[in-house]
Amino acid sequence: MLRTRARSQADDEPAAVAPPAGVPTLLVVDDHPAIRELLRDELIALGYRVMTAPSAENALALLTGIVPDLVLTDVHMGAMSGVELCARLKHDPRFELTPVILVTAAADLDARVAGLAAGADDFFAKPFDFIELRTRIAALLRVSAVLTQLERAEGVITTLGLTIEARDPYTGGHCERLSRYAVSLGQALGAADATLKALRLGGYLHDLGKIAVSDAILLKPGPLDDDERQKVETHAAIGADLVNGLRTLDGVRSIIRHHHERWDGSGYPDGLKGDAIPYGARIMAVVDVYDALRTARPYKESLGHAEAIEILARETDGGSWDPRVVGKFLEILPEMR
Ligand SMILES: [Fe+2]
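**Quick notes on the pairing of strand S4 (residues 70–74)**
Buried residues dominate S4, accounting for 5 of its 5 residues. The two faces of S4 match: Leu70, Leu72 and Asp74 on one face and Val71 and Thr73 on the other face are all buried. Direction of pairing for S4 relative to strand S5 (residues 100–105): parallel, over a ladder of 4 bridges. By the bridge assignment, Asp74 is partnered in S5 with Val103. Each parallel crossover has a hand, and the one from S4 via helix H3 (residues 82–90) to S5 is right-handed.

**Describing empty space enclosed by the protein**
Tallying each qualifying case throughout the model produces 1 cavity of 30 Å³ or more. When its volume is computed, the largest cavity comes out at roughly 50 Å³. In terms of lining, the largest cavity is formed by Glu261, Arg262, Trp263, Ile277, Arg282, Ala285, Val286, Ser320, Trp321 and Asp322. Residue classes in the lining of the largest cavity are distributed as 5 nonpolar, 1 polar and 4 charged.

**Comments concerning the domain arrangement of the protein chain**
Here the protein chain is described as being made up of domain 1 (15–146) and domain 2 (168–336). For domain 1 and domain 2, the distance between their C-alpha centroids amounts to 43 Å.

**Observations regarding the coordination of the iron ion**
Around the iron ion, the protein contributes the donor atoms Asp207 (OD), His235 (NE2), His259 (NE2) and His260 (NE2), at 2.1 to 2.3 Å from the metal centre. Of note is the iron ion, whose 4 donor atoms meet at the metal with angles of 83 to 173° in an arrangement that counts as irregular. Each donor residue of the iron ion lies on one chain, and together they are spaced D-x27-H-x23-H-H. Placement of Asp207 in the loop between helix H7 (193–205) and helix H8 (215–218) and of His260 in the loop between helix H10 (250–258) and helix H11 (279–294) is noted, with a sequence separation of 53 residues between them.

**Points about the packing of aromatic side chains**
Inspection of every chain in the model, using the stated rule, returns 5 aromatic pairs. Measuring from centroid to centroid gives 6.0 Å for Phe124 and Phe128, while their planes differ by 10°, and the two rings are stacked. In this structure, Phe124 and Phe128 share a single accessibility class: buried. Both rings, one in Tyr290 and one in Phe329, keep their centres 5.4 Å apart while their planes meet at 75°; by these two values the pair is edge-to-face. Placement of Tyr290 in helix H11 and of Phe329 in helix H13 (residues 323–336) is noted, with a sequence separation of 39 residues between them. Looking at Phe329, the relative accessible area reads 0%, which means it is buried.

**Topic: helix H5 (residues 130–167)**
End to end, H5 covers 56 Å across 38 residues, agreeing with the expected 56 Å (1.5 Å per residue, within 8%). Considered for burial, the residues of H5 that qualify are Phe130, Leu133, Ile137, Leu140, Leu141, Ser144, Glu154, Ile157, Thr158, Gly161, Ile164 and Glu165. Capping of H5 at its N-terminal end is provided by Asp129; its side-chain oxygen lies 3.0 Å from the backbone amide nitrogen of Ile131.

**Some remarks on the layout of surface pockets**
Empty space within the second largest pocket amounts to approximately 290 Å³. Lining the second largest pocket are 15 residues, with Asp69, Leu97, Thr98, Ser144 and Thr148 positioned closest to its centre.

**Some details on the pairing of strand S3 (residues 49–53)**
Most of S3 is tucked away, with 4 of its 5 residues classed as buried. In this sheet, S3 lies alongside strand S2 (residues 25–29) in parallel orientation, the contact comprising 5 bridges. For Val29, the partnering residue across the bridge sits in S3 and is Ala53. Each parallel crossover has a hand, and for S2 linked through helix H1 (residues 33–45) to S3 it is right-handed.

**Overview of the side chain of Ser179**
Along the chain, Ser179 falls in helix H6 (residues 174–188). Within the structure, the side chain of Ser179 is placed 2.8 Å from the backbone oxygen of Arg200, a separation counted as a polar contact. Setting aside anything within four residues of it in sequence, one finds Ser179 in contact with Leu199, Arg200, Gly203 and Tyr204.

**Concerning the packing of helix H9 (residues 226–242) against H10**
Contact geometry for H9 and H10: axes closest at 7 Å, N-to-C directions at 165°. Compared by their axis directions, H9 and H10 come out roughly antiparallel. Every pair of crossing elements has a handedness; the one defined by H9 and H10 is left-handed. Counting all contacts with H9, which are made through Ala236, Ala237, Gly239 and Ala240, the residues of H10 involved are Arg253, Ile256 and Arg257. Grouping the constituent residues of the contact of H9 with H10 by class yields 4 nonpolar, 1 polar and 2 charged.

Rules used throughout
Residues numbered from 1 in each chain as written. Predicted model: local features only at pLDDT ≥ 70, side-chain atom pairs only at ≥ 80, totals over all residues. Heavy atoms only, no water. Buried < 20%, exposed > 50% of the residue type's maximum accessible area, 1.4 Å probe, protein only. Helix = DSSP H or I, 4+ residues; strand = E, 2+ residues; numbered from the N terminus. Pairing = 2+ DSSP bridges. Right-handed = clockwise from strand over helix to strand, strands pointing away. 1 Å grid on protein atoms, 1.4 Å probe; cavity = no way out; pocket = protein on both sides within 12 Å on 5 of 7 lines; lining within 4 Å. Points joined across faces, edges and corners; volume = space filled by probe spheres on them. Nonpolar A, V, L, I, M, F, W, Y, C, P; charged D, E, K, R; others polar. Domains from an automatic or database assignment. Donors = N, O, S within 2.8 Å, 3.2 Å for Na, K, Ca; no water. Tetrahedral: all angles 85-135°; square planar, octahedral: opposite > 155°, others 65-115°. Phe/Tyr/Trp six-rings, centres within 6.5 Å; stacked < 30°, edge-to-face > 60°. Expected span 1.5 Å × (residues − 1). Polar contact = N/O pair within 3.5 Å; in protein donor to acceptor, adjacent residues only side chain to side chain. Contact = heavy atoms within 4.5 Å. Axes fitted to C-alpha atoms, helices over the stretch in contact; angles between N-to-C directions. Parallel < 35°, antiparallel > 145°, perpendicular 65-115°, else oblique. Left-handed = near helix turned anticlockwise from the far one by under 90°.

Rendered as structure tokens:
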């Protein structure tokens, strides 16, 4: 028999239960008041903070103000199903890491398939086994906490990239532009999602190793001599070493190390040639060169767009850059600009 609550709760209003600080907040969405209350009482008894909503629409309204640690939602509700609610949450950057559990009948395979496509993290069947539910919620919250920590670490590293850029007043906005150009070019080339993510971060991190290059060289108002040039060239390998051990940056490391390789093998640090150069690094190299040509330095003016693409095309004919990548870049540049 379902337990009922002593205090009344208006069904059309989201409900919050005052929690101790630091306790995970769960959002329960179900159109049946009795099930909502049962879940709420049991989850509060397990030590969680619980908010409830009687519909997906109501949940979305509630979520404009809070980010719960986990969402537990029924599938079959009013106009908007729990599957659609799940899909909307997973497409919203604020909630993409928030675990979503769909409550389905064990035999409802259609709902489970649709739920998987919508990005659901787990399923739970009625009637409820609260020991099992407790175990699953605890496991999802642990994974979610680790992902959140990793995302914060990425944020710190990205900020470091911007800090390095800020040392050089001539390169303002270079990282942000590279990130944007590289992702657009990767998309146009049909690169996989993992490559696109690496390109986004790589835009900020490709020159991370410049942290080891002195201001006297980095900001020298004139061309570099051989010794200075060699010191600058160490930035590719040093930057890659700096992110060693950060597994979430695995795909970015090869972009950092190889973004100065050249298609004909004349680049650095490893003199890789052709397809041996990681794909992401070939993409980053092209957008990096274009942006460098368009940027003023103490010893050179910024070039106009036409002149920059003329040089890029000439260098590609000369064997410096991947012709397919450059071809696609020149194709999409007009709409990116
Ligand atoms: Fe570089």
